Each structure stands twice: as structure tokens, then as C-alpha cells.
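Chain residues, written in single-letter form:
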Amino acid sequence: MTRSLDDEDTDDGILRVVIGEDPPDRLDKALVAFVPEEAALSRSRLMKMIAGGEVTREGVAITDSKTKVTEGETYMLTIDHVVELDTQPENIPLEVIWEDADLIVINKPVGMVVHPAPGSWSGTLVNALLYHCGDTLSGVGGARRPGIVHRIDKDTSGLLVVAKSDKAHQGLAAQFEAHTVNRHYLALVHGMPSAADPRLRGTKGVSFETGGILRIATHLARHKTDRQRQAVVWNEGRHAITRARVVGYWGAEPAPVVSLVECWLETGRTHQIRVHMAHAGHGLVGDQTYGGKRRLAAKVVGAAAAEAVNGFPRQALHAATLGFIHPVTGEELQFEAPMPEDMQHLIDLLDGPQS
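Conventions we followed
- Residues numbered from 1 in each chain as written.
- Predicted model: local features only at pLDDT ≥ 70, side-chain atom pairs only at ≥ 80, totals over all residues.
- Heavy atoms only, no water.
- Helix = DSSP H or I, 4+ residues; strand = E, 2+ residues; numbered from the N terminus.
- Buried < 20%, exposed > 50% of the residue type's maximum accessible area, 1.4 Å probe, protein only.
- Contact = heavy atoms within 4.5 Å.
- Areas by Shrake-Rupley, 256 points an atom, 1.4 Å probe, with all protein chains shown as cover.
- Phe/Tyr/Trp six-rings, centres within 6.5 Å; stacked < 30°, edge-to-face > 60°.
- Lys NZ or Arg CZ within 6 Å of the ring centre and 35° of its normal.
- Axes fitted to C-alpha atoms, helices over the stretch in contact; angles between N-to-C directions.
- Parallel < 35°, antiparallel > 145°, perpendicular 65-115°, else oblique.
- Left-handed = near helix turned anticlockwise from the far one by under 90°.
- Nonpolar A, V, L, I, M, F, W, Y, C, P; charged D, E, K, R; others polar.
- Salt bridge = Lys/Arg side-chain N within 4 Å of Asp/Glu carboxyl O.
- Pairing = 2+ DSSP bridges.
- pLDDT = per-residue confidence, 0-100.
- Arc of directions from axis to C-beta.
- Core = buried A, V, L, I, M, F, W, Y, C linked by side-chain atoms within 4.5 Å.

**Q** It is not clear to me how the overall build of the protein should be interpreted in this structure. Could you clarify?
**A** A count of helices and strands for the protein gives 9 helices and 16 strands. By residue count, 50% of the 355 residues in the protein fall in the buried class. Of the contacts formed within the protein by residues at least 6 apart in sequence, a portion of 65% connects residues at least 24 apart. Within the structure as shown, the protein displays about 16200 Å² of accessible surface, and the carbon and sulfur contribution to it stands at 49%.

So, in C-alpha cells, the structure goes:
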């Protein structure tokens, strides 16, 4: 299964946490730094778990939050009853692309969080699905995460498949784990990735394949000082591979200022496309976390387009294509979601006459 919580790190409500390099000097702070964000465990919750004997090392409960930690230590957290979120059904409109007794495919709008987490306990896709599907959604272990086998960021739009039965959930999880799910994204990025660019060819982890396809292969891990960010690393973390090709561009060659790229994932890590494109020097338009602070000049693409690009309020990323084998019927399924209005408007302005 491709998600930020590794399959090998969770088993029957037990979360396995390995302390990374340069950890904080005490257990509670180290767990805050190294517990996956998707586990939805706040610092106060972690403190209670420590005090309650639900954090162990080598089979021994560690109940002092000030316990010294060292790099490489493994802690086991009992979370099956801790992460039960008491999620409530909410009557939130959904754009359903396809649905049967086992699966539902959704075109997620910009601004919707997929799963409840600190700061977003309501208004999520899971809240909406609980209302739409009732009690037919499957659960994941002891956690209240009905049928979610992959996620996209809050401010990314596009396609998600959710299981409505345990059999479908297991089958989809196996496909994501085997990297056989077809997922293509459309992104607007600064500049234009080109095989002729010596800077890009000299960037570690970047190469070009036949047909000018950009391949980015690195490891990704949580940023050392900002736990909300991911970072490119080489000797730790999880391997990640992204491919991309240029679909269109704006601005004069040999240095276009904005490109539309199609990206597809060999792996699916948190923020993978955003981090990888930034690593290649072509961060996503509107990405406040990884995109940098580039600003377009009106004389290059026109005043209206430049203003729209410079003020775009979110990462310009859309999960446009999703394909997989139906885990119950064996049918080959392929879905497409049209470009969202805000990205299409931006493209229309870039295509329009300069002023």
C-alpha cells in the first residue's frame, strides 16, 4: 500500500517508530518529530500514551517522557484504541465518478482534507463518505479510516478510489503496494524541464529517458526542522521515483517561464511530486511550501497572466488519471478528471493575448 504510514510500521494497532538521526534529547519530543503525521497523534496524546504505558522499547514500557533517546532506537506505540477518531458522517456534496458495491471513485475538490487529523476533524472526505455510503465502508485495522488506501494533499484536486468492502480494500492495497496503479497528475511548474539544460542534467538524482521523459529518483524523509515538510535525502528515508514530460509551455524558448507537465509515480510518497519538481528546480506554481518565490514579469506572459500566476493560492497540481484492476470483479478500470476551473483559468490566461 502506498501511503505515508508504511505497512511494515503498523500491525494490529501497533505503530513502530524508529528514531532518526539528530533526534531531540527526550522521548516525547522525539516521538513528535518521528511519528508519521498521518497517525494523527498530537504531542498531548503522545504524552498520555507514554504515561499510560502504551510506548515500549524492547518490550518494556517507557513511562517517563523525559527519557533520553538515541538514533536508531525502535519504539512500539499501541494505537488501535488511541486513534479511534469518533468520525461523524457529514452531508458534504461529493463528485462521484463511479461507484458499485465495493468501490467508489471521487473527484476530490481543492481544499478538502482526505482524512481527519489535528486541526481538521470535520469537513473531510471521510466525513462525507460516511454519510454517502453509510456503514458499508471498510475499516483499516482498529482505526477509523474507512477504505482509504491513498491520499492526495488538501490543496490538490483530483481522483481518489476508496474501498467499500474489506475484500476490495485488501485488493486495492496490494495493487498500490505493487505500484501497479496508474496515476497521472497534471502540474503547472516554473520554467521548463529540458534535457538540453546542463544545470538539470547535473542535478543529483535527475536523468532523462527516451522521448525526453524526466526521471527523478531520490529518497524522501521528513525535514529535520519542519515536520510538515518532506526533504530529498540520500542515505535514509524511503526511495521515491517520479517521471514527467512537458505537455505545453509559455514564454519564449530557450527559457519558457511556465510549463504544464504530466507526472506519474513509480512510488507514492508524501508530497512526492512537489518535492521532486522543486529538487529539479521547477517548483509548482502556487506551492508556498516548496515552490519558491519566483515571480513572472508582465512583459513575458501578459499582465493578467502574470498576476494570476504570481497570486495563485495553492499548488497547481491535479490528479487527472487513475487506473487499476477492480479487486473483486477483475475488470480493468480507467478514469479521468477534467482540469479544475482554477488551473484551467490560469492556462486560458497564459494562452491569451499579452497586454
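**Q** I tried to follow the packing of aromatic side chains on my own but got confused; where do I start?
**A** The geometry of an aromatic ring pair comes down to the distance between the two centres and the angle between the two planes. Following the criterion strictly, the structure yields 2 aromatic pairs and no others. Taken together, a centroid distance of 6.1 Å and an interplanar angle of 40° make the contact between Phe324 and Phe335 tilted. Highlighted residues: Phe324 in strand 15 (residues 317-325) and Phe335 in strand 16 (residues 332-336), separated in sequence by 11 residues. A single burial state applies to Phe324 and to Phe335, both of which are buried. Feature note: the residues Trp98, Phe324 and Phe335 constitute an aromatic cluster, connected by ring pairs. Just above the ring of Trp234 sits the side chain of Lys204; from NZ or CZ to the centre is 4.4 Å.

**Q** Would you explain the packing of helix 8 (residues 303-310) against helix 9 (residues 341-351) in this entry?
**A** Two packed helices can be described by the angle between their axes and the distance between those axes. Direction vectors running N to C along helix 8 and helix 9 enclose 150°, while the axes themselves pass 8 Å from each other. In terms of axis orientation, helix 8 runs roughly antiparallel to helix 9. Of the two elements, helix 8 crosses helix 9, and the hand of that crossing is left-handed. Note on element contacts: helix 9 touches helix 8 through Leu346, Leu349 and Leu350, opposite Ala304, Ala305, Ala308 and Val309. Here the residues of the contact of helix 8 with helix 9 are counted per class, giving 7 nonpolar, no polar and no charged.

**Q** Got a minute to help me understand the pattern of salt bridges in this structure?
**A** Overall, the coordinates contain 14 salt bridges when judged by the stated rule. A salt bridge links Glu21 to Lys224, with the shortest nitrogen-to-oxygen separation between them at 2.3 Å. Taken together, the residues span a long stretch of sequence, with Glu21 in the loop between strand 2 (14-18) and helix 1 (27-34) and Lys224 in the loop between strand 11 (213-222) and strand 12 (230-233) at a distance of 203 residues. A relative accessible area of 55% places Lys224 in the exposed class.

**Q** Just checking my understanding: could you explain the packing of helix 1 against helix 2 (residues 43-51) for this structure?
**A** Interhelical geometry of helix 1 versus helix 2 gives an angle of 130° and a closest axis separation of 10 Å. Here helix 1 is positioned oblique relative to helix 2, judged by the angle of their axes. Pair helix 1 / helix 2 crosses with right-handed handedness. Side by side, helix 1 and helix 2 meet where Leu27, Asp28, Lys29, Leu31 and Val32 of the first sit next to Arg43, Leu46, Met47 and Ile50 of the second. Tallied by class, the residues present in the contact of helix 1 with helix 2 amount to 6 nonpolar, no polar and 3 charged.

**Q** It is not clear to me how the pairing of strand 16 should be interpreted in this structure. Could you clarify?
**A** Both faces of the sheet carry side chains from a regular strand, because those side chains alternate between them. The two faces of strand 16 differ: Leu333 and Phe335 on one face are buried, but Glu332, Gln334 and Glu336 on the other face are not. Taken together, the 5 bridges between strand 15 and strand 16 define a ladder with antiparallel strand orientation. Within strand 16, the position partnered with Leu322 by the bridge is Phe335. Two successive antiparallel strands, strand 15 and strand 16, enclose a turn made up of 6 residues, where Gly330 displays a positive phi of approximately 80°.

**Q** What should I look at first to understand the confidence of the model for the protein in this one?
**A** Low-pLDDT portions of the prediction should not be read for the details of their coordinates. Here the protein averages 87 in pLDDT, while 88% of its residues score no lower than 70. Taken as a whole, residues 140-144 scores under 50 in pLDDT and shows 14 contacts with residues more than four places along the chain or in a different chain.

**Q** How do you make sense of the environment of Asp226 when you look at a structure like this?
**A** Structurally, the position occupied by Asp226 is in the loop between strand 11 and strand 12. Overall, Asp226 belongs to the partly exposed group, its relative accessible area being 30%. Sequence separation between Asp226 and Ala33 is 193 residues; the distance between their C-alpha atoms is 8.7 Å.

**Q** What am I meant to see in the environment of Arg238 here?
**A** Turning to its location among the elements, Arg238 is positioned in strand 13 (residues 238-250). Assessed through its relative accessible area of 23%, Arg238 is described here as partly exposed. Placed 29 residues apart in sequence, Arg238 and Thr267 show a C-alpha to C-alpha distance of 9.5 Å.

**Q** Can you help me understand helix 8 in this one?
**A** Counting along an α-helix, one turn takes 3.6 residues, and residues three or four places apart therefore face a common direction. Taken as a whole, helix 8 has its buried residues at Ala305, Ala306, Ala308 and Val309. Seen along its axis, helix 8 keeps its buried residues to an arc of 165°; they face one direction. Where the residues of helix 8 are buried, they touch strand 9 (182-190), strand 14 (258-265), helix 7 (298-301) and helix 9.

**Q** Would you mind going over the nonpolar core with me for this structure?
**A** One broad trend across soluble globular proteins is that nonpolar side chains are buried collectively. Leu129, Tyr185, Leu214, Ile273 and Met277 are the most contacted members of the largest nonpolar core, which has 31 residues in total. When residues in this core are grouped by element, the largest group, 5 residues, is from helix 3 (residues 125-133). Those residues within four positions of Met277 in sequence are excluded, and the remaining contacts are Val189, Pro193, Leu214, Ile216, Cys263, His282, Gly283 and Leu284. Residues Leu188, Trp250, Leu260 and Val309 belong to the second largest nonpolar core, which totals 17 residues.

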